[in-house]
Amino acid sequence: MLFNSAEFLFLFLPFCLLLHFFLKSRVQKALALLLLSAWFYMAAFPVYIFLLLGLIALDYGGVILMDRCKGLLRKFWLWICLGSNIALLASFKYWNFIAENCNLLGADLPLHSWILPVGLSFHTFQSMSYVLEVYRKAWPAERNLLRYALYILFFPQMVAGPVERPQNILPQLHQFPPFNRADLMEGLFMLARGLFMKAAVADRLALYVNPAFEHSARISATQAMLAMLFFSFQIYADFSGYSNMALGTARMLGVRLMVNFRQPYLAGSLTDFWRRWHISLSTWFRDYLYIPLGGNRKGIFRSSFNLLLVFLVSGLWHGAGWNFLLWGLLHGIGLVAENYFFSDKQASFSWLRWLITQAWVLLCWVFFRAVSMENARQMFAAVLRLRESTYTIEFADQEIIAALLLCLALPLAEYYRVQEKAFSKQPLASIVLIFTAAYFFGNFNAGSFLYFQF
Amino acid sequence: MRIIHFTSLLLFFAMYLLVKIPGGILWLKPWLPDLYGMGDLYRFSYLAEYRDSSFHLAPPPAVPETNTCLFVLGDSFAGPFEKAHYPGTAAYSFVNWNQFPNWKVALHTDKSFRNLFLIECSEKHIQLRFSDGEFRKFLSPAAGKGEAGFQLEEKRSGFSANLEKWTGRPQVTDQNLHMLLFSNEAVLQIKETKAAMNRLVFGRIAAEVEEFPEKKMLLQRMTTDMDYMYMSAFRPLSKEKEDEYVRNMGSMVKHFKALGVDSVAFAFIPNPVSVIAPDYKNRSYNQLIPRLEQRISETGAGCISVFDEFSVKKEKVFRRGDTHWNVSGEKIWLEKAHKWLRGNLSDMAKEAQ
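Going along each chain's sequence as written, the residues are numbered from 1 onward. Just so you know, chain letters begin at A and ligand numbers begin at 1, following the order they were written in. For this predicted model, a pLDDT threshold of at least 70 governs which residues receive local features, and a threshold of 80 or more governs which side-chain atom pairs are given and counted, while totals over whole chains, interfaces and linings are taken from all residues. The side-chain values count all of the structure's non-hydrogen atoms but skip hydrogen atoms and water molecules.

### Looking at the overall build of chain B
Regarding its fold elements, chain B presents 12 helices and nine strands. Two things to know: the radius of gyration comes from C-alpha atoms, and the globule rule equals 2.2 Å times the number of residues to the power 0.38. A compact globule built from 353 residues would reach a C-alpha radius of gyration of about 20 Å, and chain B, at 23 Å, matches this within 12%. For the C-alpha atoms alone, the extent of chain B along its principal axes is close to 85 × 50 × 40 Å. A buried classification covers 49% of the 353 residues belonging to chain B. In this description a helix means any DSSP run of H or I spanning at least four residues, a strand means any run of E spanning at least two, and both kinds are numbered starting from the N terminus. Categorising residues by exposure relies on relative accessible area from a 1.4 Å probe, with only protein chains included: less than 20% of the type maximum marks a residue as buried, more than 50% marks it as exposed, and the intermediate range marks it as partly exposed.

Here you go:
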């Protein structure tokens, strides 16, 4: 079920809120929320709920057993839990990629046509976060199966994050504050902002970006450059819009999720960018991969290697394809270069560095958006060869100007916190205004969120 | 206060059930506005000037029944007609292409009856339905027994499909919800304001349609845009493809005749753009219908052609905000269909002599 669908906005969410208001006992609330979350998940491919429940049961039981053991046996249970998550992810998401590439080298591995379960990468990472935190004794094993299941299945963040940590969310699922008007208003405000970002920004820009990438062999240099620029804002508006809607929905239910974006296009360096973009995933990789590998404590070569490895894995997390791997690798190379040439601690904001950073990010997005390496090559070729267009993208001049102004206004509005200031003065009017703008300028036919595919 | 909340909770739950249960929304259909009737292209675009209501031609006066049974495999063009629209037929049965593979055809077993089979297809679907990969789907088996007509079988679905039917299908749920909550006049006014504003400010209308201002009508984009491989009226059609469709049409005729059908006819309903503006935006119409109709005799079937007459009458036979014909178009088609039926009756008479 999509956050921008009528089913969610006009049926599911009001129903959840009414239940949240109506039920007083915390157990009842948790149970109702668990059932509704399962229902939410089943809107896409219902049969996968059994897979997810199986994984929840395995992790729940495995972690309790791990918690009781010491030494090798503890490690055994750790790897059983991590292994089952990784195996599930690998079999659904990566098997075809591995098999196709092995087959190119002469192997004869079969391919499958399984549909990827919604949000698989997100909830497996959230499960692994819980397993690792308990293993490290940073968090006790959850004894209440209902709460653990809700930790994984909690619908606002189950399908596309934020990838939560047990420390943040489990205590909240134990307490469940009563219905609160302030939470409701703030949640509605975040939901409205998210909807605006998704429908009026991301899906509007998609009307230019999608045909441009689809006809990359026929578009002009200007069209290709505009498509690249628009995509960088499309993906930001799409994903941050989703995250805002997730945060808003959770807030209305009294749960505060972690912030996932902090004005990434104002970042003055790549390091800074990754502190602001998809924060829940970046910190996941930092805490569970980069630091255990040694982080930056073992010299420049080892830390460079660690960075490259982490970003390769991050690229692979986003998608099973060479273009995603290259996207990750390029970010890794950018960070290594940045560490080599600049010291982040000494760096003050510089416009030149900001420009280089954002240009690098924008170029990397081309690999992320392209459906193949050939598609990406054609986009760059369109820019470099300065060719004429033989394809008309149906996007009127005034719409292009409006989109460019939007790309300029968006970071400024975020920097000056325009919406937040308006909300603090006139909460209800701000919410109504943003919802109205989202409806009148929004494109509601674009379908899913970009990050749902991961 | 608690009672109010409890009531609203129940109300939402009931609403949820209505839009989620397969067929649930149908219970309310008599009280809901007919959005499709306002125009299927209007429904995409919500441009106020293209909203109208659908009317169907009233059946002609009844005549005594003859020993003919008419079976129509068709789509939304022939769909709204009933037995009374084909006077003189003893039995009439319609099945939509979309209902495959769950239909079987039971022919009249009495030798004194003539089983007539009409295959009606809108132009935008011809290339898909008669292509090598597809046409076999529509070769239904003969039903063993029963009254003459198409027999639909309830598809038996497995656990997974049943689960999906009750919990999944987000698009169907959304559609039902729109029908329930957002098809009333007040909401339509808001939708029309949005559509008008987007057209005025950004020159943008719904992606599914194109506005044809000279004729003050909407066209379906998949018929005008050359990117649509099968549906576009302007994508060049190779001789090999034409041969393929004619060959497969012939195979269909053979199949139904082998089942016991006495006579088969094809009827291709042109896209509005194919007859109104075959040179639309300096493109040139691929002549799909004229090319196939010219070779229908090779298939062993008859032909109910409206193409020439529609080409003369142009926009007068189509609705402005819909892909379908208006009452005038229906009238022309029915006249042609009656002529084909009468031809079969006179054949019968000759055979009897």
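### Side note on the overall build of chain A
Along the backbone of chain A there are 19 helices and zero strands. Scaling as 2.2 N^0.38, a compact globule of 454 residues should have a C-alpha radius of gyration of about 22 Å, and chain A matches this with 23 Å. Taken over 454 residues, chain A has a buried fraction of 58%. By definition, residues are in contact when any of their heavy atoms lie within 4.5 Å. The contacts of chain A with a sequence gap of at least 6 include a subset with a gap of at least 24, amounting to 77%. Method for areas: the Shrake-Rupley scheme with a 1.4 Å probe, in which residue coverage is limited to the protein chains shown. Of the roughly 19600 Å² that chain A leaves accessible, carbon and sulfur atoms contribute 68%. Taking the 36 positively charged and 24 negatively charged side chains of chain A as two groups, their mean positions are separated by 11 Å. In this tally, Asp and Glu contribute negative charge and Lys and Arg positive charge; neither His nor the terminal groups of the chain are included. For the purpose of locating charges, the reference atoms are NZ of Lys, CZ of Arg, CG of Asp and CD of Glu.

### As for the interface of chain A and chain B
With 36 residues of chain A at the interface, the matching set in chain B holds 39 residues. Accessible area that two parts lose when put together, with a 1.4 Å probe and added across both, is what the buried area reports. With both sides pooled, the region where chain A packs onto chain B buries about 3400 Å², and carbon together with sulfur makes up 68% of that total. The largest share of the area that chain A buries against chain B comes from L11, F22 and F440 of chain A, three residues that together contribute 20% of it. Each reported salt bridge corresponds to a side-chain nitrogen of Lys or Arg within 4 Å of a carboxyl oxygen of Asp or Glu. Counting across the chain A and chain B interface gives two salt bridges. Between E394 of chain A and R221 of chain B there is a salt bridge, with the nearest N and O atoms lying 3.0 Å from each other. Within 3.5 Å is the distance limit for a polar contact, defined as a pair of N or O atoms, with the added protein rule that one can donate a hydrogen and the other accept it, and that residues adjacent in sequence qualify only through two side-chain atoms. Here chain A is connected to chain B by 10 residue pairs in polar contact (both at pLDDT 80 or more). For the side of chain A that touches chain B, the secondary-structure elements that each account for two or more residues are α1 (6-22), α2 (26-42), α9 (181-214), α17 (397-415) and α19 (427-441) of chain A. If you tally residues by element for the side of chain A that touches chain B, the top one is α1 of chain A, at 11 residues.

### Some points on the environment of A138 of chain A
Residue and element names in this part refer to chain A. The residue A138 is located in the loop between α5 (120-135) and α6 (145-153) in this model. Sequence separation of A138 and L150 is 12 residues, and the distance between their C-alpha atoms is 20 Å. With near-sequence residues (within four places) excluded, A138 lies in contact with E133 and Q167.

### Focus: the domain arrangement of chain A
All names here are of chain A. Once the domains are mapped, chain A shows domain 1 (22-176) and domain 2 (183-268 + 349-453). The centre of domain 1, based on its C-alpha atoms, is set 30 Å off from the matching centre of domain 2. Each partner contributes residues to the interface: domain 1 has 19 residues there, and domain 2 has 16 residues. For the pair domain 1 and domain 2, the summed buried surface comes to about 1300 Å²; carbon and sulfur atoms form 68% of the total. Broken down residue by residue, the surface that domain 1 buries against domain 2 is led by P156, A160 and P162, which jointly contribute 33%. Linking domain 1 to domain 2 there are zero salt bridges. Taken together, the connections running from domain 1 to domain 2 amount to four residue pairs in polar contact (both at pLDDT 80 or more). Elements supplying a minimum of two residues to the side of domain 1 that touches domain 2: α7 (155-158) and α8 (166-175). Among the elements that line the side of domain 1 that touches domain 2, the one with the most residues is α8, at four residues. Classification convention: Asp, Glu, Lys, Arg as charged; Ala, Val, Leu, Ile, Met, Phe, Trp, Tyr, Cys, Pro as nonpolar; all other residues, Gly among them, as polar. Split into classes, the residues belonging to the side of domain 1 that touches domain 2 amount to 13 nonpolar, five polar and one charged. Each domain span listed reflects an automatic or database assignment of domains.

### Re the packing of aromatic side chains
Any Phe, Tyr or Trp ring, taking Trp's six-membered ring, that has another such ring centre within 6.5 Å forms a pair; planes under 30 degrees apart are called stacked, those over 60 apart edge-to-face, and the others tilted. What the rule picks out here adds up to 79 aromatic pairs over all chains. Consider the rings of F273 of chain A and W277 of chain A, whose centres lie 5.6 Å apart with planes at 15 degrees: the pair is stacked. Judged by its relative accessible area of 0%, F273 of chain A is buried. Classification of W277 of chain A as buried rests on a relative accessible area of 0%. Remark: a charge is flagged as sitting over a ring if the NZ atom of Lys or the CZ atom of Arg is within 6 Å of the ring centre and within 35 degrees of the ring normal. Looking at K93 of chain A, its charged tip hangs above the ring of W317 of chain A, at a distance of 5.3 Å from the centre. Cation over ring: K194 of chain B sits above Y439 of chain A, and NZ or CZ is 4.6 Å from the ring centre.

### Observations regarding the confidence of the model for chain B
Note: pLDDT gives the predictor's confidence per residue, expressed from 0 to 100. Model confidence for chain B is summarised by a mean pLDDT of 86, while 97% of its residues fall at 70 or above. Among the scores for the predicted complex, ipTM is 0.80 and pTM is 0.86.

### Points about the packing of helix α3 (residues 48-68) of chain A against α5 of chain A
All names here are of chain A. All axes here are fitted lines through C-alpha atoms, helices being fitted over the stretch that makes contact, and every angle between N-to-C directions spans 0 to 180 degrees. Relative orientation of the contacting elements α3 and α5 amounts to 10 degrees, with a least axis distance of 10 Å. It follows from the interaxial angle that α3 and α5 lie roughly parallel. Contacts from L52, L55, D59, V63, M66 and D67 in α3 reach H123, T124, S127, Y130, V131, V134 and Y135 in α5. Looking at the contact of α3 with α5, its residues break down into eight nonpolar, three polar and two charged. In this scheme, roughly parallel covers angles under 35 degrees and roughly antiparallel covers those over 145, while 65 to 115 is roughly perpendicular and the rest are oblique.

### Side note on the packing of helix α14 (residues 322-341) of chain A against helix α15 (residues 351-369) of chain A
All names here are of chain A. Between α14 and α15, the least distance of the axes is 8 Å, while the angle of their chain directions is 165 degrees. The angle between α14 and α15 places the two elements in the roughly antiparallel class. Where α14 crosses over α15, the two elements pack in a sense that is right-handed. Of the residues in α15, those touching α14 at N323, F324, L326, W327, L330, H331, G334 and E338 are R353, T357, W360, V361, C364, W365, F367 and F368. Rotating anticlockwise by less than a right angle from the far helix to the near helix defines a left-handed crossing, while the corresponding clockwise rotation defines a right-handed one.

### Regarding helix α6 (residues 185-202) of chain B
When the terminal C-alpha atoms of α6 of chain B are compared, their 25 Å separation across 18 residues agrees well with the 26 Å that a helix rising 1.5 Å per residue should span. Considering only its buried residues, α6 of chain B is in contact with α9, α17 and α19 of chain A together with α2 (40-45) and α5 (170-181) of chain B. Note on α6 of chain B: the residue one or two positions beyond its end, G203 of chain B, has a positive phi of about 65 degrees. To estimate the expected span of a helix, count its residues, drop one, and scale the result by 1.5 Å.

### Section: the environment of K24 of chain A
Residue and element names in this part refer to chain A. By the secondary structure assignment, K24 is in the loop between α1 and α2. On the accessibility criterion, K24 (58% relative accessible area) is exposed. Separated by 155 residues in the primary sequence, K24 and F179 have C-alpha atoms spaced 9.1 Å apart. Within the local environment of K24, its side chain forms a polar contact with the backbone oxygen of F21, the two atoms lying 3.2 Å apart.

### Digging into α15 of chain A
The periodicity of an α-helix, 3.6 residues per turn, causes residues three or four places apart in sequence to face the same way. All names here are of chain A. Between its first and last C-alpha, α15 extends 27 Å over 19 residues, near the 27 Å set by a 1.5 Å rise per residue. Listing the buried residues of α15 in full gives R353, T357, Q358, V361, C364, W365, V366, F367, F368 and R369. Each element contacted by the buried residues of α15 is listed here: α9, α10 (221-252), α11 (270-276), α13 (299-318), α14 and α16 (373-384).

### Things to note about the sheet that holds strand β8 (residues 263-269) of chain B
Residue and element names in this part refer to chain B. When DSSP finds at least two bridges between two strands, those strands are taken to pair. In space, the five strands of this open sheet follow the order β2-β1-β4-β8-β9, with parallel pairing throughout. Strand pairing shows two members of the sheet lacking a second neighbour, β2 (91-96) and β9 (302-303), which therefore form its edges. Across seven bridges, the pairing between strand β4 (residues 114-122) and β8 is parallel. Considered in β8, the bridge of C121 is made with F268. Contacts from helix α8 (residues 239-259) reach β1 (68-74), β4 and β8, with the element oriented near 145 degrees to β8.

### Let's talk about the environment of L237 of chain B
Residue and element names in this part refer to chain B. Within the secondary structure, L237 sits in the loop between α7 (221-224) and α8. Taking the C-alpha atoms as reference, L237 lies 9.7 Å from Q127; in sequence the two are 110 residues apart. The residues contacting L237, other than those within four sequence positions of it, are Q127, Y245, N286, L288 and R291.

### Concerning the nonpolar core
Here the nonpolar core consists of buried residues drawn from Ala, Val, Leu, Ile, Met, Phe, Trp, Tyr and Cys, with membership extended through side-chain atoms lying within 4.5 Å. In this structure, F8, F230 and W365 of chain A are the most contacted members of the largest nonpolar core, which totals 162 residues. Shared between two domains, this core holds at least three residues of each, these being domain 1 (22-176) and domain 2 (183-268 + 349-453) of chain A. Not counting residues up to four positions away in its chain, the partners in contact with F230 of chain A are L205, Y208, V209, F395, I400, A403, L404 and C407 of chain A. Among the nonpolar cores identified, the runner-up in size contains 72 residues, and L73, F81, W97 and I126 of chain B belong to it.

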